[in-house]
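Here is how the chains run, residue by residue.
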Amino acid sequence: MGSHTESTDPHATDPLPTPATPAGRDGLDAILARPARAVIALDFDGTLAPIVADPEQARAHPDAVPALAALAPKVAAVAVVTGRPAGVAVRHGGFAGVPGLEHLVVLGHYGAERWDAVTGTVNAPAAHPGVAAARAELPGFLDRIDAWQGTWIEEKGRALAVHTRRALDPQAAFEALRAPLTELATRHGLIVEPGRMVLELRPPGMDKGVALLEYAREISAESVLYAGDDLGDLPAFAAVDKLRSDGTPGLLVCSGSDEVTELRERADLVVDGPAGVVRLLKGLAAQLD
């Protein structure tokens, strides 16, 4: 599938970029025609927030919240769909208590958790026991396979992530860990979700596609935009394809990166990372004025 790359000028106020595909153009047209029935759904890391070496230091692009707050009152809903715990995404995004974002929803842990701005609370099921078992085993496991150098474990509550970005050869470390971590995860009833120099061990059954489909149907969306940057966003792209096949127009946006090409190839529109996503959100809000 083709894609269109927009201007990289951070101060650009150009018109909305044109999606490269007929389906993408139909999706954008539907959003603009009936914004009150449109859902704008976005990944967090790499889409609203730049990727950084330490995920604890990740914060939303400084213009992301103002752009979302300008757009949200004009559409049916804005949802952040992330692999992070919902509460962490809310803190790192600065989403709480923002005028204009009174109805924002954050679907965390791939939809297993949900934070609603209306209540300011997180709803979540009980934790999967396999995560606790894997948490106890993982440090010794990495030591036994001589994979400690340059790797580190991120605690995500309902999941665990092993990062290789600090290794001497991050991609080689990533590839070397895939099979052993998959074996460990399977033993504890978990799955491995690959990302940008990270392998996440998490419970099966929920992904961004399931979360997006359920939310779009919950609010009877008549059009959907989804923006993401990573392999974990592929299920959400597939969900938009499913909605399209059922008659709901959609627009697939890739927050461009050289690390993941699969999304770029599937997208209707490629923008220049979080700054490009912000420009797109601002452009939508301006067009709907």
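Structure: above.
Draft legend 1. Geometry of the environment of Ala127. Mapped onto the elements, Ala127 comes out in the loop between β5 (121–123) and α4 (129–144). Look at Ala127 and you get exposed, because its relative accessible area is 53%.

Draft legend 2. Structural context of the sheet that holds strand β9 (residues 198–202). Here we have four strands laid out as an open sheet, ordered β6-β7-β9-β8, and antiparallel in their pairing. With partners counted over all chains shown, the strands left at the sheet margins are β6 (152–155) and β8 (191–194), one partner each. If you compare each strand with its neighbour and ignore which way they point, the axes differ by 25 degrees on average. Contacts from α4 reach β6, β7 (160–163) and β9, with the element oriented near 25 degrees to β7. Packed onto the sheet, helix α5 (residues 170–187) meets β7, β8 and β9 and runs at close to 5 degrees relative to β9.

Draft legend 3. Up close: the nonpolar core. With 41 residues, the main nonpolar core has Ile40, Leu48 and Phe95 as its most contacted residues. Ignoring anything within four residues of it in the chain, the contact list for Ile40 reads Ile31, Leu71, Val75, Ala77, Val78, Ala79, Leu225, Leu281 and Leu284. Membership of the second largest hydrophobic core comes to 26 residues, among which are Ala79, Phe237, Ala267 and Val270.

Draft legend 4. Structural detail: the pairing of strand β4 (residues 113–116). Judged from the four bridges that link them, strand β3 (residues 105–108) and β4 form a sheet pairing that is antiparallel. From the neighbouring strand, Val105 faces β4, where its bridge partner is Asp116. Pairing analysis gives three bridges linking β4 to β5, with the strands arranged antiparallel. When the bridges of β5 are listed, Arg114 appears paired with Asn123.

The rules we used
Residues numbered from 1 in each chain as written. Predicted model: local features only at pLDDT ≥ 70, side-chain atom pairs only at ≥ 80, totals over all residues. Heavy atoms only, no water. Helix = DSSP H or I, 4+ residues; strand = E, 2+ residues; numbered from the N terminus. Buried < 20%, exposed > 50% of the residue type's maximum accessible area, 1.4 Å probe, protein only. Pairing = 2+ DSSP bridges. Axes fitted to C-alpha atoms, helices over the stretch in contact; angles between N-to-C directions. Contact = heavy atoms within 4.5 Å. Core = buried A, V, L, I, M, F, W, Y, C linked by side-chain atoms within 4.5 Å.

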